[in-house]
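Commentary on secondary and tertiary structure
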Amino acid sequence: MIRLAQHTIVRLTVLVVGGALACSGDGPVTPPPAIASCDGVQTAVLTLAPLEATVVDQTAQVACVVLAGNADYLVVPQLTGASLPYGGYGFRIGDPDAVPPVALRDEVALTDPTAGTESAQRSLDSRLRRDEQQLARGRGARARAMASAMASALPDPGSVREFSVLSSLDATPAYARVGAALRVVGTRVLLYVDTLAADAFSEAELAAAGALYDGALAPAVFDAFGGGSDIDANGRVIFLLTPTVNALVTAAQCPVSGFVRGFFYGHDLASDATTSNRGEVFYGFVPDPTGRWSCAHAKAEVTANLPPTFMHELQHMISYGEHVIERGGAPEEVWLNEGLSHVAEELGSLHYEARYPAPTGRTNPAQILPDSSSPFLTPNLLYSNRFLVSSAFYSLTSCAPGSFCSLAERGATWLWLRWIADQGSAGLWRRLVETARTGRNNLEAATGESTAALLGDFALAVSADSIVGVPRSAVPARYRFTTRNLRQLYRALFEAYGLPGGVGRPFPIEPLTLPAGGAVTGTMRPGTFATYRLSVGATTPVVRLRFAVPDGSPFPASAGAQLSVMRLPR
């Protein structure tokens, strides 16, 4: 689970989006023919109305696509093949007979432009998810059998229990024995606090935390994703706050690698080792204003970061319980598992958005979101903004080999899942979690659509959701978000952070120019897209497009090459 430093928790303010698209002139217009030659083949001309869109896939297209002239288009190529290895793939798009300019990007240069030192949190999560793959094998039936032997009465408030807590980031795990007191007994959550940090929270703060976690956040996550497992048969999950989490990173390491805010580890569900707590337990850090255990953390920082950490890790726990313990399957693939945990974070924002309709709950009445939403939503906006600025660098459907998905890839998958849910797919999150399926197979079974179809329309929606000068209601619902207004949110993000904060422009997508009658080359990952704008003059009846490998030959069928095209109003 990755969280941002506390300076990233900001309030997004409303900004007016002005301007309008230029109108077409009244000069002579050459009408398009019905048929045109394309690579020597007589091809039907694709004529779209303004804001009409289509996805031309590899099986449907002939040698190339012919678009009607006197129009502006979004042209968004993708490689959607499930079997395509992770890497950078060169491509060429444009007129079949044009000589493209020098490549916009080459395969060697296709690296994450924001990559840096691996964070301690992401390094830990990556190792835990890899270990869980091994733990999952054959453990479901055994864990369920354990549950029947472990049912017991709830412990009394204030009682102390000993836990085994992961205490090292080393490849060989180490564990510490931790005594913790039960401070909150809820209907869904038991909140324990390490006895070493007994004074970290006041009784009033613990009561408020119990009301929040047990009364609002946990029900939202369980309602969305399902109940998960219950191998300790207490009908609750345990959230343990301990300085052992703080101490996973030393004070000297914190400035370089960051720190760990919390984690879930399937070892507690699928292992019968003495180091397993044999129950639904996950962990969080505690306030440490004097740096007693590691780098200092003010109470305000911890209380702001713990709720989204709670929701993120609870989704991981539910997912592991449903996939592995309840159904004896494999854990969810990292890209989808992480995307769903970022969806879980957003549920916290939605809770506060419903609780505080505008203009309530806002320091500035003009804010888009209430103050309390920012810790849950702002990180996802920052991560998805990073993706949209350089979408060809990142994959929505896979992580680099040996990695745990970059923040931009997590933000991309969150945004994709948000759009899919906004298409009216009731119960989507439960269908994705309450199953033994994983990855693309899971997504396709849950939505009833192919990954290629979902990616093809999403690649247009992120640009078309809110077009300057066009009412959002004019855009077909398939190419809009209903929960979010992207242009409004990213504009507010830009105003809050600007270039110094890593947000370089008011809207992250800046389409590259695809010249009519010309061609360009580039490079992209599989499972992503690049966005171009094509403007065709009134005297040009048709324009031809071929999406191919750089030498002009077709992509193999395994690449899943396709083009999303939308005509824009003039």
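Our structure's up above, just so we're on the same page.
Residues numbered from 1 in each chain as written. Predicted model: local features only at pLDDT ≥ 70, side-chain atom pairs only at ≥ 80, totals over all residues. Heavy atoms only, no water.

Here the focus is the overall build of the protein chain. For the protein chain, the helix and strand inventory stands at 14 helices and 18 strands. Accessible surface for the protein chain amounts to roughly 21,200 Å². Of this, 55% is attributable to carbon and sulfur atoms. (Helix = DSSP H or I, 4+ residues; strand = E, 2+ residues; numbered from the N terminus. Areas by Shrake-Rupley, 256 points an atom, 1.4 Å probe, with all protein chains shown as cover.)

Before going further, it helps to spend a moment on unusual backbone geometry. Across the junction of Ala 358 and Pro 359, the peptide omega takes the value 5 degrees, indicating a cis bond. Tracing the chain through its elements places Pro 359 in the loop between helix H8 (334-355) and helix H9 (374-389). Non-glycine residue Leu 51 carries a positive phi angle of around 70 degrees. Among the secondary structure elements, Leu 51 is positioned in the loop between strand S2 (41-44) and strand S3 (53-57).

Attention now moves to the pairing of strand S17 (residues 542-548). Here S17 lies mainly inside the structure; 6 of its 7 residues are buried. Note that strand S4 (residues 65-68) and S17 share 4 bridges and pair antiparallel. What sits directly across from Val 65, in S17, is Leu 545. In terms of strand pairing, strand S6 (residues 89-94) meets S17 through 3 bridges, oriented antiparallel. If you follow Gly 94 over to S17, its bridge partner there is Arg 546. (Buried < 20%, exposed > 50% of the residue type's maximum accessible area, 1.4 Å probe, protein only. Pairing = 2+ DSSP bridges.)

Moving on to the nonpolar core. Across soluble globular proteins, you tend to see nonpolar side chains buried next to one another. Phe 225, Phe 263, Phe 310, Leu 314, Trp 416, Trp 429 and Phe 458 are the most contacted members of the largest nonpolar core, which totals 129 residues. With 11 residues, helix H3 (residues 203-225) is the largest single contributor of residues to this core. Apart from residues no more than four positions distant in its own chain, Phe 458 is found in contact with Leu 396, Ala 412, Leu 415, Trp 416, Trp 419, Phe 481 and Phe 529. If you look at the next biggest cluster of nonpolar residues, it comprises 34 residues, including Val 75, Leu 534, Val 536 and Leu 563. (Core = buried A, V, L, I, M, F, W, Y, C linked by side-chain atoms within 4.5 Å. Contact = heavy atoms within 4.5 Å.)

Before going further, it helps to spend a moment on the packing of H8 against helix H10 (residues 407-422). For the pair H8 and H10, the least separation of the axes is 8 Å and the interaxial angle reads 65 degrees. Taken together, H8 and H10 sit at an angle that is classed as roughly perpendicular. Here H8 and H10 pass one another in a crossing that is right-handed. Between H8 and H10, the residues in contact are Trp 335, Leu 336, Glu 338, Gly 339, Leu 340, His 342, Val 343, Glu 346 and Leu 350 and Arg 410, Thr 413, Trp 414, Trp 416, Leu 417 and Arg 418, respectively. Of the residues belonging to the contact of H8 with H10, the class tally is 8 nonpolar, 3 polar and 4 charged. (Axes fitted to C-alpha atoms, helices over the stretch in contact; angles between N-to-C directions. Parallel < 35°, antiparallel > 145°, perpendicular 65-115°, else oblique. Left-handed = near helix turned anticlockwise from the far one by under 90°. Nonpolar A, V, L, I, M, F, W, Y, C, P; charged D, E, K, R; others polar.)

Considering all chains together, one arrives at 19 salt bridges under this definition. One salt bridge connects Arg 544 with Asp 97, and the closest N-O pair in it is separated by 2.9 Å. One end of the pair, Arg 544, is in strand S17; the other, Asp 97, is in the loop between S6 and helix H1 (120-135), with 447 residues separating them in the sequence. Exposure remark for Asp 97: the relative accessible area of 58% places this residue in the exposed category. Linking Arg 484 and Glu 353 is a salt bridge whose minimum nitrogen-to-oxygen distance equals 2.8 Å. (Salt bridge = Lys/Arg side-chain N within 4 Å of Asp/Glu carboxyl O.)

Moving on: the packing of aromatic side chains. Summed over all chains, the structure comprises 22 aromatic pairs. With a centroid separation of 6.3 Å and 75 degrees between ring planes, the pair formed by Phe 458 and Phe 529 is classed as edge-to-face. With Phe 458 in helix H13 (residues 451-464) and Phe 529 in strand S15 (residues 528-529), this pair connects stretches of sequence that are 71 residues apart. When the centroid spacing of 5.0 Å and the interplanar angle of 55 degrees are considered together, the rings of Phe 547 and Phe 555 count as tilted. Each of the two residues, Phe 547 as well as Phe 555, counts as buried. Sitting above the plane of the Phe 507 ring, Arg 487 keeps its charged end 4.1 Å from the centroid. (Phe/Tyr/Trp six-rings, centres within 6.5 Å; stacked < 30°, edge-to-face > 60°. Lys NZ or Arg CZ within 6 Å of the ring centre and 35° of its normal.)

Attention shifts here to the sheet that holds strand S11 (residues 262-264). Reading across the sheet, the 6 strands line up as S7-S8-S9-S10-S12-S11 and stay open at both edges, with mixed pairing between neighbours. The open sheet has two edge strands with one neighbour each: strand S7 (160-166) and S11. The average undirected angle you get between the axes of adjacent strands in this sheet is 35 degrees. Bridge count for strand S9 (residues 189-194) against strand S10 (residues 237-241) is 5 bridges, and the pairing is parallel. The residue bridging Val 193 from the neighbouring strand is Leu 241, located in S10. Against the sheet, H1 engages S7 and S11, with an angle of about 5 degrees to S11.

This part covers the environment of Ala 296. One can find Ala 296 in the loop between strand S12 (281-284) and helix H7 (299-326). Taking C-alpha positions, Ala 296 is 9.6 Å from Cys 254, a pair spaced 42 residues apart along the chain. Ala 296 has contacts with Asp 288, Pro 289, Gly 291 and Glu 301, leaving out every residue within four places of it along the chain.

Quick look at H8 now. Between its first and last C-alpha atoms H8 spans 32 Å; for 22 residues at 1.5 Å apiece the expected length is 32 Å, and the two agree. Of all 22 residues in H8, 16 are buried, a share of seventy percent or more. (Expected span 1.5 Å × (residues − 1).)

Relative to the assigned elements, Ala 68 resides in strand S4. It is 4.6 Å that separates the C-alpha atoms of Ala 68 and Val 542, two residues lying 474 residues apart in sequence. Residues in contact with Ala 68, not counting those within four places in the same chain, are Pro 32, Val 45, Leu 46, Thr 47, Tyr 73, Pro 541 and Val 542.

In spatial order, the strands read S4-S17-S6-S14; together these 4 strands make up an open sheet with antiparallel pairing. Whereas interior strands pair on both sides, the edge strands pair on one side only; in this sheet they are S4 and strand S14 (519-524). Across the sheet, the mean angle from the axis of one strand to that of its neighbour is 25 degrees, orientation sign disregarded.

In this section: the pairing of strand S8 (residues 175-185). Bridge count for S7 against S8 is 7 bridges, and the pairing is antiparallel. Paired with Arg 161 across the bridge in S8 is Ala 180. As paired elements, S8 and S9 share 5 bridges and run antiparallel to each other. Looking across to S9, one finds that Ala 180 is bridged to Asp 194. Taking the residues between adjacent antiparallel strands as the criterion, S8 and S9 are bridged by 3 residues.

Here the focus is the side chain of Ser 384. With respect to the secondary-structure elements, Ser 384 resides in helix H9. For Ser 384, a relative accessible area of 0% translates into the label buried. Among the polar contacts listed, one links the side chain of Ser 384 to the backbone oxygen of Asn 380, at a separation of 2.8 Å. The contact partners of Ser 384, leaving out residues within four places of it in the chain, are Gly 411, Ala 412, Trp 414, Leu 415 and Tyr 490. (Polar contact = N/O pair within 3.5 Å; in protein donor to acceptor, adjacent residues only side chain to side chain.)

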